[in-house]
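Survey of secondary and tertiary structure
Below, each chain spelled out in residue letters.
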Amino acid sequence: DFPAYRMENNKISLLGVVILLVTYANGQVSRGNFIRVPLTALDPLATCNDGSPATYFFRPSTTGSTLWTIYQEGGGFCYDEPSCADRWEQTQHFMTSTLLPEILNDTTSSPDVNHWGINAGDEVDNPYFYEANQVYLWYCTSDCHAGNASLGKWTFNGKRVIKTLIDHLLHVQSPSMTSATQIILTGFSAGALGTWQNADFVGEMIAKELPNTDYRAYADSGWLMDIPNYGTNDNVTRAQWQALHSNIGMVFDESCTQNYEDEIWKCGFSAVVYPYISTPLFVAGYQYDSPFLDGTPITDTKALLVLREKFLEETTIAQTLFSPNCYMHGIEAYNTRWNVITVQNSTAAEAVYKWSITKYPQKSSHIDDCSAPNCNPTCPFSAFNLLSLA
């Protein structure tokens, strides 16, 4: 079922199998390790918040695939000196590369969660993309991969890191991305917020070098709505995006900012920026995406239903949408969700795959039509399940 660009050479030497494959105790087989690659050798200013080298992990295809997936890790953000000090205290691994291992594989995880799913190297958990050339950009700039400023002792170089990453993949990395016939830029949570802002920026870089390569983007769990916090008229999210723009130099999508010159920060909201993105873009998001509900408690079903309706209304502009009715956050980054949660007889993995092999994607959606939180039986166990058992 794989198109030619995915399986151009399915012959693997016995030596390659011995060196590269890792066998799980449960019988699943993985392709082996991601190797750590620092970016400061190419650009000394491609750094994390603390000045340590920005880093990506790379796992080449063992089948000759010419598909490349570039994953921008998620992990929140900070926007002023107090929030960045708190971030350093609580989640230091998102601000430095000094704590990273030399290799990652499917039996290890990032310090906070197991970010595999689309990055997995086995056919069971990741049946359509496991043989791709996989790039895992470690998130250590706290700026949704799009900052360009300094604040106190911290530097925010996310946009520079993305540029250096693409340059490295094209001109330094071996095998080089110049052989790619398809490239998918993706990201989860803060990585999805970065996908909105970086999709066309990366696309322009790729088009200059690889004009015949199919380039697309996939944003997972990053549909950010401009709404006030629960029970108040305060809009904390809006204030944070204003600070991201003014304090850490967030570089928003260029086409959007040209139309919002007086209020550039508005381009951080998905419904505002989406119409300006020219890259083919697949959107995935839960109808109850827990971090984006602005403090709405799970006991207030009426308020949650209002937010669900707003989400569904805003996302009608999305060309392609996968939206389960779960109270959860993140699909592509988890083995227990990526090829498990099902909407209209399709998992996210399958829906993204079918979209990726459609030459001229038409508007299509996989949307749960039941309204109660977690009404989809394939939703993972969550706080709503605990509430129903109380």
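Residues numbered from 1 in each chain as written. Predicted model: local features only at pLDDT ≥ 70, side-chain atom pairs only at ≥ 80, totals over all residues. Heavy atoms only, no water.

Quick look at the pairing of strand β12 (residues 281-284) now. Burial along β12 is two-sided: the residues Leu281 and Val283 and Phe282 and Ala284 are all buried. Here four bridges tie strand β11 (residues 214-220) to β12, and the two strands are oriented parallel to one another. Each bridged residue has a counterpart across the sheet, and for aspartate 220 the counterpart in β12 is alanine 284. Of the pairings in the sheet, the one linking β12 to strand β14 (residues 320-323) comprises three bridges and is parallel in character. In the strand pairing of β14, valine 283 is matched with leucine 321. (Buried < 20%, exposed > 50% of the residue type's maximum accessible area, 1.4 Å probe, protein only. Helix = DSSP H or I, 4+ residues; strand = E, 2+ residues; numbered from the N terminus. Pairing = 2+ DSSP bridges.)

Time to look at unusual backbone geometry. Geometrically, the link from serine 174 to proline 175 is a cis peptide bond, its omega value of 5° lying close to zero. Examined against the element boundaries, proline 175 turns out to sit in the loop between α3 (158-171) and β10 (182-188). One non-glycine residue, histidine 145, adopts positive backbone phi at about 60°. Among the structural elements, histidine 145 can be located in the loop between β7 (133-137) and β8 (149-151). Note on histidine 145: relative accessible area 3%, which makes it buried. Of note, the phi angle at asparagine 374 is positive, near 65°, even though the residue is not glycine. Inspection of the secondary structure puts asparagine 374 in the loop between β18 (364-367) and α11 (383-389). Accessibility expressed as a relative area gives 14% for asparagine 374, which makes it buried.

With that out of the way, let us pick up the confidence of the model for the protein. When pLDDT is averaged along the protein, the result is 88; 88% of the residues meet or exceed 70. Predicted confidence for residues 1-29 stays below pLDDT 50, and this span has 60 contacts to residues more than four positions away or in other chains. (pLDDT = per-residue confidence, 0-100. Contact = heavy atoms within 4.5 Å.)

This part is about helix α8 (residues 301-314). Look at α8: 20 Å from first C-alpha to last across 14 residues, which is about the 20 Å you get at 1.5 Å a residue. Within the sequence span of α8, burial applies to Ala303, Leu304, Leu307, Arg308, Phe311, Leu312 and Glu314. (Expected span 1.5 Å × (residues − 1).)

Glancing now at the sheet that holds strand β3 (residues 34-38). A sheet is described by the order of its strands in space; here 10 strands give the open sequence β6-β3-β4-β7-β5-β10-β11-β12-β14-β18, paired in mixed fashion. Of all strands in the sheet, those with a lone pairing partner are β6 (103-104) and β18, marking the two edges. As judged from the two bridges shared by β3 and β6, these two strands associate in the antiparallel manner. Looking across to β6, one finds that phenylalanine 34 is bridged to leucine 104.

The next subject is the packing of α3 against helix α4 (residues 190-209). Remark: α3 packs on α4, axes separated minimally by 11 Å, with the N-to-C direction vectors making an angle of 30°. Considered as vectors, α3 and α4 are oriented roughly parallel to each other. With respect to the hand of their crossing, α3 and α4 are arranged in right-handed fashion. Residues Lys159, Ile162, Lys163, Ile166, Asp167, Leu170 and His171 of α3 pack against Gln197, Asn198, Phe201, Val202, Met205, Ile206 and Glu209 of α4. By residue class, the composition of the contact of α3 with α4 is seven nonpolar, three polar and four charged. (Axes fitted to C-alpha atoms, helices over the stretch in contact; angles between N-to-C directions. Parallel < 35°, antiparallel > 145°, perpendicular 65-115°, else oblique. Left-handed = near helix turned anticlockwise from the far one by under 90°. Nonpolar A, V, L, I, M, F, W, Y, C, P; charged D, E, K, R; others polar.)

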